[in-house]
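So you can see what is in the structure, the chains are spelled out below.
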Amino acid sequence: MGAEQPFPEAEAEASMVVGLQPSAMVDTIALVDSSFLDGIPGERGGSIPVGIEELDYIRRELKEDHGEKTIAGGSVANTIRGLRTSFGITTAIIAAYGDDHQGNLFLNNMSFNGVNLSCLRKKKGHTAQCVCLVDHSGNRTMRPSLSNAVKVQAHELVREDFKGSKWLVLRYAILNLEVIQAAISLAKQEGLLVSLDLASFEMVRKFKPPLMKLLESGNIDLCFANEDEATELLRDEHNADPVAAVEFLAKYCKWAVVTLGHNGCIAKHGKEMVRVPAIGEAKAIDATGAGDLFASGFLYGMVKGLSLEECCKIGACSGGSVTRSLGGEVTLENRQWLYKQMKIRDLHMPDGICE
C-alpha cells in the first residue's frame, strides 16, 4: 500500500473538513507521447467525460508500457487525502462506491491514508473511473467515465454528514449540480464554510450560467480556478487576465484564488491581493493533482487562521510536492520535500512535524 503515514487514522468523530465527491473514482495515470494524444478525441489538457467503451479503448491502447499507476482519485478525494496525510487535518469524504474491484481499491486507499469513511456509501454497481494521460512536459489530459457509475443522490444527504465540521470542499460538475446544491444548503445550516473548485475550462465554457448562479448565491466562501478556467469565465470580457479573474471571483466569494502553473498564484481577500511564485516547477513530472494539492495546503492555512500570503505559499509548496511523481497522491519522499520547503520559508508546520 505504501510507506507508513505520519498521522494516525481519523476517529469517527466530526472531521474538520468534509469533501463531497458524489462518485468515488479510481484514476489510471499513464505517461504518453504526443502521437498517442493525437488519437484521443477532444482538446489536450482538459477533462471530457467519456463512455465506458471509450475508456476501455484508451486502456487497451495504453497496453503495459506507459508506467501506469492506479490509485483512488477525483479532485475532492485528492484534496481531502492531502489535507490528512500531509497536514494532519481530520477529513471525511461523502461519496458512493460500487461493489467492484475499483470500489474496494478506493475504500482501501482512503482508509489507509486516514480519511474518515463514515459518510461513504456502498452501492450495487460500478465505481467511476478516469484515465489521466500525462505527456513528457508533465501536462495531463483527463477522460473520466461517470455515466454508469454509482453516486450519492441529493435526497440521501443528511445534516449529520456535515455536523461539527468547519469546511465543505466541492468541485463544480453539471451532472452533480443537484447534490452540490443540497450539500451547500445542509452545510450552511450547520455553519460550514464552502470551498468550490471550477473543475475544468470545458465545464466553465459549457455550463457557465448554472455556475454563475452558484457564485451569485453568496454561499461559496472560497473559490479556486486555474488560469484556463479563469480565462473561460471572463471569455466575454475585454480584460481577461488573471488579476481581472481573481477580482471577478472576489465579488462573489470571501476568498478567491487563481493558480497560474509555473507562474504561481494570485489570491484576493477583501482589499488584500497577493501573488506568490510556484515552488518545485523545475522538477515537475506530472501536473495531475497539482491544483487539488494546492487546495490542500491553502485550506490547511485557512483552518490554522494563517494570512492570505502564507496560505498561498503553503498551497504552492503542497501543489509542487505532488508534481514530482506520477499521480495525485503525495509520496512519502515528496512529503518530506514539502516539509523542507515549508521550513526554508518559515511557514507554519503541521502539528507533530519537527520544525
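Before reading on, note that the structure itself is shown above.
Everything numeric in this text was worked out from a predicted model, so none of it was measured.

What to know about the sheet that holds strand E2 (residues 25-31)
1) Next: Taken together, 4 strands build an open sheet; the order of strands is E3-E2-E6-E7 and the sheet is mixed. In this open sheet, the two edge strands, each paired with only one partner strand, are strand E3 (69-73) and strand E7 (140-145). Ignoring strand direction, the axes of neighbouring strands in this sheet form an average angle of 25 degrees.
2) Next: Here 7 bridges tie E2 to strand E6 (residues 128-134), and the two strands are oriented parallel to one another. Residue pairing across strands places Thr 28 opposite Val 131, the latter belonging to E6.

Some points on helix H2 (residues 52-62)
1) Next: All of the buried residues in H2 are Leu 55, Ile 58 and Leu 62. Axial view of H2: buried residues confined to an arc of 60 degrees, hence all on one face. Counted as exposed and oriented over 90 degrees from the buried face of H2: Glu 53 and Arg 60.
2) Next: Next to the buried residues of H2 lie E2, helix H1 (34-38), E6 and E7.
3) Next: With its phi angle positive at about 55 degrees, Lys 63 sits one or two positions after the end of H2.

Things to note about the pattern of salt bridges
For side chains bearing opposite charge, pairing can occur when the charged atoms are close.
1) Next: Per the stated rule, a full pass over the model turns up 13 salt bridges.
2) Next: Lys 124 is the partner of Asp 99 in a salt bridge, and the nearest nitrogen-oxygen pair spans 3.9 Å. Highlighted residues: Asp 99 in the loop between strand E4 (91-98) and helix H4 (101-112) and Lys 124 in the loop between strand E5 (120-123) and E6, separated in sequence by 25 residues.
3) Next: Look at Asp 99 and you get partly exposed, because its relative accessible area is 41%.
4) Next: In this structure, the salt-bridge partner of Glu 309 is Lys 313, at a minimum N-O distance of 3.5 Å.

Reading guide: rules and limits
Residues numbered from 1 in each chain as written. Predicted model: local features only at pLDDT ≥ 70, side-chain atom pairs only at ≥ 80, totals over all residues. Heavy atoms only, no water. Pairing = 2+ DSSP bridges. Helix = DSSP H or I, 4+ residues; strand = E, 2+ residues; numbered from the N terminus. Axes fitted to C-alpha atoms, helices over the stretch in contact; angles between N-to-C directions. Buried < 20%, exposed > 50% of the residue type's maximum accessible area, 1.4 Å probe, protein only. Arc of directions from axis to C-beta. Contact = heavy atoms within 4.5 Å. Salt bridge = Lys/Arg side-chain N within 4 Å of Asp/Glu carboxyl O.

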